[in-house]
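Spelled out, the chains give:
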Amino acid sequence: MMLIEPTHNKKSFFKYYTPESGKLTLKHTTRKWSTPLLFNDPFDNQFDLNLEEPNEALAEKMVALFHENLTADEPIYTGQFGAITPIVMLLRHAHRNNPDFEYSESDQAELKEAMLQGMQTTFAKAPKTNEEVKALMADVSVFCLSETQDNLLMWSHYAHNHTGVVIEFLSLKEVDSPLILAQPVRYQDQMPRLNFEDMMGLNPFTRKVLDTITLTKSNVWEYEKEWRIISSLRDKSQTHEILPYAPEEVGAVYLGCKISAGDKAEVIDITKAQYPTARIFQAQKHPEEFRLIFTEET
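Below you will find a few notes about this structure. (Residues numbered from 1 in each chain as written. Predicted model: local features only at pLDDT ≥ 70, side-chain atom pairs only at ≥ 80, totals over all residues. Heavy atoms only, no water.)

1. Here's the deal with the overall build of the protein
Right, so step 1: When helices and strands are counted, the protein shows nine helices and 14 strands.
Right, so step 2: Once the C-alpha set of the protein is aligned to its principal axes, its extents read approximately 80 × 40 × 40 Å.
Right, so step 3: Looking at the protein as a whole, 43% of its 298 residues qualify as buried.
Right, so step 4: Partitioning the contacts of the protein with sequence separation of at least 6, the portion at a separation of at least 24 is 81%.
Right, so step 5: Distance from the positive charge centre (30 side chains) to the negative charge centre (44 side chains) of the protein: 8 Å. (Helix = DSSP H or I, 4+ residues; strand = E, 2+ residues; numbered from the N terminus. Buried < 20%, exposed > 50% of the residue type's maximum accessible area, 1.4 Å probe, protein only. Contact = heavy atoms within 4.5 Å. Lys, Arg positive; Asp, Glu negative; His and termini not counted. Charge placed at Lys NZ, Arg CZ, Asp CG, Glu CD.)

Below, the structure is given as structure tokens:
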């Protein structure tokens, strides 16, 4: 078993299911991962990263940032600056051998002009780059979860009007659960922009750019308190995949307040037989407030 380091310290997450999906998930110990093409939000993973328009002031700022990278202590990783990475490494080596070296005014002007031309070229190619990113996103596989098990809208939207179930999945490092790599979704009013400063030392197809797209949504979805695990499809011809999980990951099962007697009995039987340590809760409407309360089944 290969242990990987978690990206967070949360104990668990929650997944809302319809009655049938919940029963299949528990019965087969598998979870459905989907591509963004199946998401209900047409903007989710499907927007362009617009670039700021190049100008001389920005070119000067980028030259200063370029110098910072040359003199930084952090090691340069392979491909960090794309095709010019070897040149940057040579320049850094030259700077360290001659720390008093300074560029002449003409050198500074040439560097600024080269930076401006490079940004203008990148700006002109932005539409093509966005199309390439969209093609790349078609191969992304995402598993979505929530921080909460009691959201009324989530129960209505994803658990078939409170007739389904919510499964608590534990984030367990000891079984290499992918949940330990979950990342929170960012909610905001405007679509994110890709600044040239962000691109200094960053290839547009690296993880950082993909995370910006896959982990940013409109703030109208903020109530979901969503976290995501990002992977890539094993079978590129499919729009989803069914992957197994460790039985130890199921911490609890929550039954909807409108679940049918038959579905309730079936879910309880599967849970007790296959997940003996998992707790089972029945949701009920609070008698005086617009919220759910949960009673443990014995």
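Next comes the rest of the write-up.
2. A word on the environment of proline 247
Right, so step 1: Residue position: proline 247 is located in the loop between strand 11 (240-244) and strand 12 (250-255).
Right, so step 2: Owing to a relative accessible area of 43%, proline 247 belongs among the partly exposed residues under this scheme.
Right, so step 3: For the pair proline 247 and leucine 26, spaced 221 residues apart in sequence, the C-alpha to C-alpha distance is 8.9 Å.

3. Let's talk about the packing of helix 2 (residues 56-71) against helix 4 (residues 105-124)
Right, so step 1: Where helix 2 meets helix 4, the axes come as close as 9 Å, and the angle between the chain directions of the two elements is 110°. One finds that helix 2 runs roughly perpendicular with respect to helix 4. Residues Glu56, Leu58, Ala59, Glu60, Met62, Val63, Phe66 and His67 of helix 2 form the contact with helix 4, whose own contacting residues are Gln108, Leu111, Lys112, Met115, Leu116 and Met119.
Right, so step 2: When the residues that make up the contact of helix 2 with helix 4 are grouped by side-chain class, the tally is nine nonpolar, two polar and three charged. (Axes fitted to C-alpha atoms, helices over the stretch in contact; angles between N-to-C directions. Parallel < 35°, antiparallel > 145°, perpendicular 65-115°, else oblique. Nonpolar A, V, L, I, M, F, W, Y, C, P; charged D, E, K, R; others polar.)

4. Re helix 3 (residues 85-97)
Right, so step 1: The end-to-end C-alpha distance of helix 3, which contains 13 residues, comes to 19 Å, matching closely the 18 Å that a straight helix rising 1.5 Å per residue would cover.
Right, so step 2: Those residues of helix 3 hidden inside the fold are in contact with helix 2. (Expected span 1.5 Å × (residues − 1).)

5. A few points about unusual backbone geometry
Right, so step 1: For asparagine 161, which is not glycine, the phi dihedral falls at a positive 55°.
Right, so step 2: Mapped onto the fold, asparagine 161 is located in the loop between helix 6 (152-158) and strand 5 (165-170).
Right, so step 3: On the basis of relative accessible area, asparagine 161 is assigned to the partly exposed category, the value being 42%.
Right, so step 4: Backbone geometry places aspartate 176, a non-glycine residue, at a positive phi of 55°.

6. Points about the pairing of strand 11
Right, so step 1: Alternating positions in strand 11 separate cleanly, Glu241 and Leu243 being buried on one face and His240, Ile242 and Pro244 remaining unburied on the opposite face.
Right, so step 2: Sheet topology note: the strand 2 (residues 30-34)/strand 11 ladder contains five bridges and is antiparallel. When the bridges of strand 11 are listed, arginine 31 appears paired with leucine 243. (Pairing = 2+ DSSP bridges.)

7. Focus: the packing of aromatic side chains
Right, so step 1: Applying the stated criterion across every chain yields a total of eight aromatic pairs.
Right, so step 2: Ring plane angle 50° and centroid distance 5.1 Å describe the contact between phenylalanine 13 and tryptophan 227, whose orientation is recorded as tilted. In this pair, phenylalanine 13 is assigned in strand 1 (residues 12-17) and tryptophan 227 in strand 10 (residues 226-232), connecting sequence segments 214 residues apart.
Right, so step 3: Look at tyrosine 16 and tryptophan 155: their rings are 5.7 Å apart centre to centre, the planes differ by 80°, and that puts the pair in the edge-to-face class. Here tyrosine 16 is found in strand 1, whereas its partner tryptophan 155 is found in helix 6, with 139 residues between them in sequence. The two residues tyrosine 16 and tryptophan 155 agree in class, both being buried.
Right, so step 4: Connected via pairs of aromatic rings, a cluster forms that spans Phe14, Tyr254, Phe281 and Phe294.
Right, so step 5: Seen from the ring of phenylalanine 143, lysine 15 lies directly overhead, with NZ or CZ sitting 4.8 Å from the centre. (Phe/Tyr/Trp six-rings, centres within 6.5 Å; stacked < 30°, edge-to-face > 60°. Lys NZ or Arg CZ within 6 Å of the ring centre and 35° of its normal.)

8. Overview of helix 5 (residues 126-137)
Right, so step 1: Its twelve residues place the ends of helix 5 16 Å apart at the C-alpha level, agreeing with the 16 Å of an ideal helix rising 1.5 Å per residue.
Right, so step 2: Those residues of helix 5 lying buried are Ala126, Asn130, Val133 and Met137. For helix 5, the buried positions fall inside an angular range of 60° around the axis, keeping them on one side. (Arc of directions from axis to C-beta.)

9. Re the pattern of salt bridges
Right, so step 1: Under the defined criterion, the tally for this structure stands at 16 salt bridges.
Right, so step 2: Note that glutamate 5 is salt-bridged to lysine 173, the shortest N-O span being 2.9 Å. A residue pair is termed long-range when its members are at least 10 positions apart, and glutamate 5 in the segment before strand 1 and lysine 173 in the loop between strand 5 and strand 6 (183-184) qualify at 168 residues.
Right, so step 3: For glutamate 5, a relative accessible area of 58% puts it in the exposed group.
Right, so step 4: Given the relative accessible area of 28%, lysine 173 is considered partly exposed.
Right, so step 5: Close ionic contact of aspartate 44 with arginine 228 constitutes a salt bridge, the shortest N to O distance being 2.4 Å. A residue pair is termed long-range when its members are at least 10 positions apart, and aspartate 44 in the loop between strand 2 and strand 3 (50-51) and arginine 228 in strand 10 qualify at 184 residues. Both residues of the pair, aspartate 44 and arginine 228, count as buried.
Right, so step 6: Sharing partners across several salt bridges, the network here consists of Asp44, Lys217, Glu224, Glu226 and Arg228. (Salt bridge = Lys/Arg side-chain N within 4 Å of Asp/Glu carboxyl O.)

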